[in-house]
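The primary structure of each chain is shown beneath.
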Amino acid sequence: MDASGYLYAMAAVGMSFAGLSVLTMILGQMLGGQMNKFDGFVARSWVQLGFMITLGSILPPLVALFEAPTPMVWRISSGVMAIILGCWALTFPRRRRAAKSSPLPMQVITFCVAMDLVALALAANAIAVPVKRLPGVYAASVTAILVGAAMLFLFAFVHWYEALLGHEKPSA
């Protein structure tokens, strides 16, 4: 598996992202912010994305330990991650609406569509992508989850920071 070094690095980044997410919430509370239902949803979403990145990164080496042929390692890993990410992304708007009834901002809609496309790419990798491209598509998909999670983090963080400076409720 030539991609194992990259995936192990991604696993470390995913765990770091989950930890940073929790620290950000703690910092917000230390600065006087009260954690409400929406804040809990956002923090939980960030941690879930961090763990999803980590799982996606360690899954192929785990499957390889069972001596599966290399193409099957990538297809099985892609299928598992397509199901996990697809379910998570498709239910995100409903879960967000349960936490906060305001309309979804365009950035959040874009994030959801991007994660749905990544889940479709993983599903295609599980069933149709040529063997030579399996590792690349898989690694790019896990990286796309990280980039999407980071963009969502920055979007929410900017709104919280602006609200903290202006002493108003964030609208995200």
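Sequence order sets the numbering: in each chain, residues are counted from 1 along the sequence as written. Predicted model: local features are reported for residues with pLDDT of at least 70 only, side-chain atom pairs are reported and counted for 80 or more only, and whole-chain, interface and lining totals are derived from all residues. The side-chain numbers reported here are obtained from all heavy atoms of the structure, hydrogens and water having been left aside.

### Observations concerning the nonpolar core
The condition that has to hold: To form a nonpolar core, buried Ala, Val, Leu, Ile, Met, Phe, Trp, Tyr and Cys residues must be joined to one another through side-chain atoms within 4.5 Å. Residue exposure (1.4 Å probe, protein chains only): buried if accessible area is under 20% of the type maximum, exposed if over 50%, otherwise partly exposed. What counts as a helix is a DSSP run of H or I of at least four residues, what counts as a strand is a run of E of at least two, and both are numbered from the N terminus. Contact between two residues is taken to exist if any of their heavy atoms lie within 4.5 Å; hydrogens are not considered.
If you look at the biggest cluster of nonpolar residues, it comprises 44 residues, and the most contacted ones within it are Trp-46, Leu-49, Leu-85, Phe-92, Phe-111, Tyr-138 and Ile-145. For this core, the secondary-structure elements that each account for two or more residues are helix 1 (4-30), helix 2 (37-64), helix 3 (70-99), helix 4 (106-127) and helix 5 (134-166). Take this core: its biggest share by element is 11 residues, from helix 5. Dropping the residues within four chain positions of it, Leu-85 is found in contact with Met-52, Met-115, Val-118, Ala-119, Leu-122 and Ile-145.

### A closer look at helix 2
We count it as follows: Residue count minus one, scaled by 1.5 Å, sets the expected span of a helix. Note on bend: at a given residue it equals the angle between the axes fitted to the 7 residues ending there and to the 7 starting there.
When the terminal C-alpha atoms of helix 2 are compared, their 41 Å separation across 28 residues agrees well with the 40 Å that a helix rising 1.5 Å per residue should span. For helix 2, the principal kink sits at Ile-58 and spans about 30°; a proline, Pro-60, occurs within the next four residues.

### Focus on helix 3
Across its 30 residues, helix 3 extends 42 Å between first and last C-alpha, which sits within 8% of the 44 Å expected from 1.5 Å per residue. Where helix 3 bends most, at Phe-92, the angle is about 45°, and the proline Pro-93 comes one to four residues later.

### Thoughts on the environment of Leu-122
As for its position among the elements, Leu-122 is in helix 4. The class of Leu-122 is buried, set by a relative accessible area of 0%. Spatially, the C-alpha atoms of Leu-122 and Gln-48 are 18 Å apart, while their sequence positions differ by 74 residues. Excluding its chain neighbours within four sequence positions, the residues that come into contact with Leu-122 are Ser-78, Gly-79, Met-81, Ala-82, Leu-85, Tyr-138 and Ser-141.

### A closer look at the packing of aromatic side chains
Heads up, the condition is: When two rings of Phe, Tyr or Trp (its six-membered ring) have centres within 6.5 Å they constitute a pair, described as stacked for plane angles under 30 degrees, edge-to-face for angles over 60, and tilted for the intermediate range. Counting as a charge over the ring demands two things of the Lys NZ or Arg CZ atom: a distance within 6 Å of the ring centre and an angle within 35 degrees of the ring normal.
A full pass over the atoms with the stated rule returns 8 aromatic pairs. Ring plane angle 70° and centroid distance 5.7 Å describe the contact between Phe-92 and Phe-111, whose orientation is recorded as edge-to-face. You can see Phe-92 sitting in helix 3 and its partner Phe-111 sitting in helix 4, a full 19 residues away along the chain. Like Phe-92, the residue Phe-111 is buried in the burial classification. Taken together, the ring pairs connect Phe-38, Phe-41, Trp-88, Phe-92 and Phe-111 into an aromatic cluster. Directly above the aromatic system of Phe-38 lies the positively charged group of Lys-100, at a separation of 4.8 Å from the ring centroid.

### Some words on the packing of helix 3 against helix 4
For the record, the criterion: Here, axes are lines fitted to C-alpha atoms. For helices the fit covers the stretch in contact, and angles between N-to-C directions go from 0 to 180 degrees. In these notes the angle categories are as follows: under 35 degrees is roughly parallel, over 145 is roughly antiparallel, 65 to 115 is roughly perpendicular, and the rest is oblique. In a left-handed crossing the near helix is turned counterclockwise from the far helix by less than a right angle, and in a right-handed crossing that turn is clockwise. When residues are sorted by character, Ala, Val, Leu, Ile, Met, Phe, Trp, Tyr, Cys and Pro go into the nonpolar class, Asp, Glu, Lys and Arg into the charged class, and all the rest, Gly among them, into the polar class.
With their axes 7 Å apart at the nearest point, helix 3 and helix 4 run at an angle of 155° to one another. Relative to helix 4, helix 3 is oriented roughly antiparallel. Along this stretch, helix 3 crosses helix 4, giving a crossing that reads as left-handed. Taken together, the residues of the contact of helix 3 with helix 4 break down into 19 nonpolar, 4 polar and 2 charged.

### Some thoughts on the environment of Gln-107
With respect to the element layout, Gln-107 can be found in helix 4. You can call Gln-107 partly exposed: its relative accessible area is 45%. Once the C-alpha coordinates of Gln-107 and Ala-124 are considered, the two residues, 17 residues apart in sequence, prove to be 26 Å apart.

### Here's the deal with the confidence of the model for the chain
Let me state the cut-off plainly: Per residue, pLDDT captures the predictor's confidence, and it can take any value from 0 to 100.
Residues with a pLDDT of 70 or more make up 92% of the chain, whose mean pLDDT is 89. At the level of individual helices and strands, the chain shows its lowest average pLDDT in helix 1, which scores 85, and its highest in helix 3, which scores 96.

### Quick word on a nonpolar patch on the surface
For the record, the criterion: Every patch collects residues that have over 30% relative accessible area and no salt bridge, joining them within 9 Å if they carry like charges and within 5 Å if they are nonpolar side chains (Val, Leu, Ile, Met, Phe, Trp, Tyr). Accessible areas in this description were obtained via Shrake-Rupley with a 1.4 Å probe; residue shielding takes into account the shown protein chains only. A pairing counts as a salt bridge when a side-chain nitrogen of Lys or Arg comes within 4 Å of a carboxyl oxygen of Asp or Glu.
Taken together, the side chains of Tyr-8, Leu-55, Ile-58, Met-72, Ile-76, Val-80 and Ile-84 define a hydrophobic patch exposed on the protein surface, amounting to about 540 Å² of accessible area. Going through the elements one at a time, helix 2 and helix 3 are the ones with two or more residues in the nonpolar patch. Per element, the largest residue contribution to the nonpolar patch is 4 residues, and it comes from helix 3. Tracing the backbone shows Tyr-8 in helix 1. With a relative accessible area of 46%, Tyr-8 lands in the partly exposed category.

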